[in-house]
Amino acid sequence: MSVSSESRHRELGLTDFEYERITELLEREPNEVELAMFSLLWSEHCAYKHSRKLLRRLPTEGPRVLMGPGENAGAVDVGDGHAVAFKVESHNHPSAVEPFQGAATGVGGILRDVFALGARPIAVLDSLRFGELDSERSRYLFEHVVAGIGHYGNSIGVPTVGGEIYFEPAYEQNCLVNAMCVGLARTKAMIRAAAAGPGNAVVLMGASTGRDGIGGASVLASAELAEGAEMRPSVQIGDPFEEKKLLECCLELLDRGLLVSLQDLGAAGLTSSSAEMASAGGVGMDIDTDRVPLREADMEPFEIMVSESQERMLGVVEPSDVAAVREACARWQTGAAQIGEITDTGHIRVFAGGEMVGDAPVIALVDACPLYDLEPEPPGAWMYGNEKTIDDGAGGAEILRSLLSSPDVASKRPAFEQYDSLVGSRTVRRPEAADAAVLALPESGRAIAVAIDGNGRRVACDPYRGTVEAVLECAQNLACVGAEPLGLTNCLNFGNPEKPHVAWQLDRATQALADACVALGIPVVGGNVSLYNETDAGPIYPTPVVGMVGELPDPAAAPGLAPREGDAIALVGPYAPSLAGSELAKLRGELADGLPGVEIEEVRVAIEFATSATGGSPARSLRWPSPPGPAFARISIRSWSCVALPVRLRCSARGRAGSSSRGLRRSSATSALRASARALPSSGTGTWAARRSSSSPPRRRLGSDLRTPRLPGVPSASPSSRWMDSRAYGWVFRPSLRKSRKPRDLAPGVVRVRC
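A short tour of the structure in this document, coming up. For clarity, every value in this text was computed on a predicted model and none was experimentally measured.

**Digging into the overall build of the protein chain**
Broken down by element type, the protein chain carries 24 helices and 27 strands. Every one of the 755 residues in the protein chain was classed for burial, and the buried ones make up 63%. For the protein chain, contacts bridging at least 24 residues in sequence account for 84% of all contacts bridging at least 6. When the accessible surface of the protein chain is summed, it comes to about 27000 Å², and 49% of that surface belongs to carbon and sulfur atoms.

Given below as structure tokens:
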């Protein structure tokens, strides 16, 4: 091995062992073009070399699954000949370097993944993480990431219907930008990415190719952020108007049956798209870089092959249809160039100036990358630091004010109001109108609900239980609008997997994701892994993000958040108060390893009950009381209505499963609630209720009126845990019941609050 080749492959992120493996596969040393191609396809971002073995644990099959992992996006059947395609991906490191374009091109990339299947994008969701807002850097990243998402989605005409934003010190140097897209397709019109038919033409469509994005996948996304500092100018530049033309053109071509297969050009550009299409189809491909339309005339062949310029798609076209494809592209005012052809050689061959400048077996590029076994080891202690921001002696009112003023808890309206959530006229439930977005599908006569969730702080406390909670929360959010889950996608954001504690976090979280999905019967249809989210200051919180799509029969029946005055309120599901990993524990500087256990079966029953509570019943509003718990859930509900919800919290003992239950009067409005609630498993905790006298005027402020309930079996050392972070599982609002001045026992598994 020459000194120059040794230094070159290390600069491109390849280890000495990997370089030696490449020379064995080629039976010679790779040239510049081949080395660049291998460095990209063998990068962590493309090869998943530290996570692929773990991902094999995930359940990927289900009766409604049409396309699963390995395709551009997953797809599930929604009936009447239609399918919903969806996927979530990360653009973390590019967004940390150039937040506006990094976030914008992240949206553009996930849109292309969906319409590459033949599905029209109908919604975008985003999951964002930044450092604390008292940091100038974090405020800058936050502002420009939100602007980039809004710029791309609004311009292309796809609504941004949901998402989440967290602010934690662990994300100060390495923000997270995960984008999810949902699309609708006719099942028979969907297309796979597998290239086929030796002699068929390879057509590059869309924007011209430049130097933007060179090295993005191999360096920015496959090494710790500080290690890729020299590549920072290479973040891609997006053009949503060019993508809109490309989208419409591709959907027309697919509708007319003019494409054999279609693949987007994202990470690794032409290298990944050509190699992955050839691998899926078991064929080879020849590419002539002289035919690639360029923005910069002096680009070298290796630059053309690895450029990550945006708004480009690669299609396989039968020779007789090339002219029709060119004509359609010209009409949509987007580029089209035949740059190669399909072969039966099993090799990717690159030509320039009439000479072959690169030749590598497809199987070596795509399938021969070494897969590594992790060496997991749990950390000895909490490693993310603690900063106290609230006094130990703070009372209930002060605690509540501190929680409500926390950026993690406060409304994210200043961010999502920059997004168009209604364009396309499908949005039934918009951001902050329900726990999940609801989209009408008049084509199939039904509707879907979509949500995206994760909580890195809680996963840092316990990677297994925290990940289980993320899956449960996403399913609960769907249940709150009456939707049954159809499929799940995920984005696993972690630090450097070569470090034992990060490997342990990744291993435990992946197992938890598999176990929770199996328990709930939800298939994983696709996803993304983003590793090396780490700097010299340390790793991010381990942050598995879960996106889920569910189905509901009638979009008009989807509950919202706003109750009416006099409605009864019930808290459904297991109730196990704990401050571990909570927002209050963060404010008190008390974060540590460990979370309380979660009984998935109990939550599953509660989810099924909440889902059924919307079907033909008088349920008006459902709310998943995510952290900081029921107190905030009530306030967030109140913010969407004109109803005052003041309470004095009082406790009444709950009977065990099978015991008699009182307090829910027999009426058409409550009989279904009572009957279903009896089936809920008992969590062994108490219940709490709230009331106000009929003669008392409604109160408009929460503060000194709040009283902490005394629950059986719950330690009294942390009274605020009863209402600040309960981990309860769903609010159900019902029409008014006859008022009573005495707290009454409820059916097992149900906690009721009256106002």
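From this point, things continue past the structure.
**Notes on the sheet that holds strand S17 (residues 484-493)**
Taken in spatial order, the 6 strands of this open sheet run S14-S15-S16-S21-S17-S18, and their pairing is mixed. Two strands close off the open sheet at either side, each with one partner strand: strand S14 (427-429) and strand S18 (524-530). In this sheet, adjacent strand axes meet at a mean angle of 20° when their direction is disregarded. Two strands pair when backbone bridges link them, and S17 and strand S21 (residues 543-552) are joined in this way by 9 bridges, in the antiparallel orientation. Each residue of the ladder has a partner; that of Thr489, found in S21, is Gly547. Packing against the sheet, helix H18 (residues 463-479) makes contact with strand S16 (446-453), S17 and S21, and its axis sits at approximately 25° to S21.

**Quick notes on the side chain of Glu308**
Summarising the element assignment, Glu308 is placed in the loop between helix H12 (301-306) and strand S10 (312-317). One buried charged residue, Glu308, forms no salt bridge at all, with the nearest opposite charge on Arg312 at 8.0 Å. Among the polar contacts listed, one links the side chain of Glu308 to the side chain of Gln236, at a separation of 2.9 Å.

**Some thoughts on the nonpolar core**
Counting 58 residues, the largest nonpolar core has Leu111, Leu128, Phe130, Met205, Leu253, Met313 and Val325 as the members making the most contacts within it. Discounting chain neighbours no more than four positions away, the residues touching Met313 are Arg112, Phe115, Ala116, Val203, Leu204, Met205, Leu246, Cys250, Leu262, Gln263, Asp264 and Leu265. Formed by 50 residues, the second largest nonpolar core is a distinct cluster that contains Leu14, Ile22, Ala268 and Ala364.

**Quick look at the pairing of strand S8 (residues 261-264)**
Of the two faces of S8, the one holding Ser261 and Gln263 and the one holding Leu262 and Asp264 are both buried throughout. In the sheet, S8 pairs with S10 via 4 bridges, with the strands oriented antiparallel. Bridge pairing in S10 links Leu262 to Gly315.

**Details of the pattern of salt bridges**
Inspection of every chain in the model, using the stated rule, returns 41 salt bridges. Among the ionic pairs, Asp298 bridges to Arg211, the shortest N-O distance being 3.3 Å. You can see Asp298 sitting in the loop between strand S9 (284-288) and H12 and its partner Arg211 sitting in the loop between strand S7 (201-206) and helix H9 (216-220), a full 87 residues away along the chain. With a relative accessible area of 54%, Asp298 lands in the exposed category. Arg211 sits in the partly exposed class, given a relative accessible area of 26%. One network of salt bridges, with partners in common, ties together Glu132, Glu168, Asp408, Arg457, Glu583 and Lys586.

**Section: the environment of Glu44**
Here Glu44 is to be found in helix H4 (residues 44-47). Its relative accessible area of 3% is what places Glu44 among the buried residues. The spacing of Glu44 and Leu371 is 327 residues in sequence and 10.0 Å in space, taken between C-alpha atoms. Polar side-chain contacts of Glu44 include one of 3.5 Å to the backbone nitrogen of Lys49.

**Let's talk about the sheet that holds S10**
Strand order in the open sheet made by the 7 strands is S8-S10-S7-S11-S9-S12-S13, with mixed pairing throughout. Taken across any chain shown, the strands that pair with only one partner, and hence form the sheet edges, are S8 and strand S13 (355-361). The average undirected angle you get between the axes of adjacent strands in this sheet is 25°. The sheet contact formed by S7 and S10 spans 6 bridges and is antiparallel. From the neighbouring strand, Val203 faces S10, where its bridge partner is Gly315. Its contacts with the sheet place helix H3 (residues 32-41) against strand S12 (347-352) and S13, and it is angled at close to 35° to S13. Its contacts with the sheet place helix H13 (residues 322-331) against S7, S10 and strand S11 (335-343), and it is angled at close to 155° to S11.

**Quick notes on the packing of aromatic side chains**
Scanning all chains against the criterion turns up 8 aromatic pairs. Ring geometry for Phe38 against Trp42: centres 5.5 Å apart, planes inclined by 90°, an arrangement best described as edge-to-face. Just as Phe38 is buried, Trp42 falls in that class too. One aromatic cluster in this structure is built from Tyr171, Trp382, Tyr384 and Tyr541.

**Remarks on the environment of Met299**
Among the structural elements, Met299 can be located in the loop between S9 and H12. When neighbours within four sequence positions are excluded, Met299 is seen to be in contact with Thr209, Gly210, Arg211, Leu294, Ile304 and Ser307.

**Looking at unusual backbone geometry**
Positive phi outside glycine occurs at Asp80, with the angle close to 55°. With respect to the helices and strands, Asp80 occurs in the loop between strand S2 (74-79) and strand S3 (82-90). The backbone of Glu311 shows a phi angle near 60°, a positive value even though the residue is not glycine. Structurally, Glu311 is set in the loop between H12 and S10.

**Quick notes on the packing of H18 against helix H19 (residues 500-520)**
The contact between H18 and H19 brings their axes to 7 Å, and the two run at 40°. Where H18 crosses over H19, the two elements pack in a sense that is right-handed. Here Pro463, Tyr464, Thr467, Val468, Val471, Leu472 and Ala475 of H18 lie close against H19, whose contacting residues are Trp504, Gln505, Arg508, Ala509, Gln511, Ala512, Leu513, Asp515, Ala516 and Leu520. Of the residues assigned to the contact of H18 with H19, the class counts are 12 nonpolar, 3 polar and 2 charged.

Parameters at a glance
- Starting afresh in each chain, residues are numbered from 1 along the sequence in its written order.
- Under the rules for a predicted model, residues below a pLDDT of 70 receive no local features and side-chain atom pairs below 80 are neither given nor counted, while totals for whole chains, interfaces and linings still include all residues.
- Water and hydrogen atoms were dropped before computing side-chain values, which therefore reflect all heavy atoms in the structure.
- Helix numbers and strand numbers start at the N terminus; a helix is a DSSP run of H or I with at least 4 residues, a strand a run of E with at least 2.
- With a 1.4 Å probe rolled over the protein chains alone, any residue whose accessible area is under 20% of its type maximum counts as buried; one over 50% counts as exposed, and the rest are partly exposed.
- Residues are treated as being in contact if the distance between any of their heavy atoms lies within 4.5 Å.
- Using a 1.4 Å probe, the Shrake-Rupley method yields the accessible areas, and only the shown protein chains count as cover for residues.
- One requirement defines pairing of two strands: DSSP has to find at least two bridges between them.
- Orientation is described by axes fitted as lines to C-alpha atoms, over the contacting stretch for helices, and by angles from 0 to 180 degrees between their N-to-C directions.
- Charge assignment in this entry is limited to Lys and Arg as positive and Asp and Glu as negative, and neither His nor the chain termini are counted.
- In the sections that follow, a salt bridge refers to a side-chain nitrogen of Lys or Arg positioned within 4 Å of a carboxyl oxygen of Asp or Glu.
- In protein, a polar contact means a hydrogen-donor-capable atom and an acceptor-capable atom, both N or O and within 3.5 Å, with residues adjacent in sequence counting only if both atoms are side-chain atoms; elsewhere, any N or O pair within 3.5 Å suffices.
- By nonpolar core we mean a set of buried residues, namely Ala, Val, Leu, Ile, Met, Phe, Trp, Tyr and Cys, connected to one another through side-chain atoms within 4.5 Å.
- In this scheme Phe, Tyr and Trp rings, the latter by its six-membered ring, pair at centre separations within 6.5 Å, and the angle between planes marks the pair as stacked below 30 degrees, edge-to-face above 60, and tilted otherwise.
- It is the rotation of the near helix from the far one that decides the hand of a crossing: anticlockwise by less than a right angle makes it left-handed, clockwise makes it right-handed.
- Gly counts as polar in this scheme, as do all residues outside two lists: the nonpolar Ala, Val, Leu, Ile, Met, Phe, Trp, Tyr, Cys and Pro, and the charged Asp, Glu, Lys and Arg.

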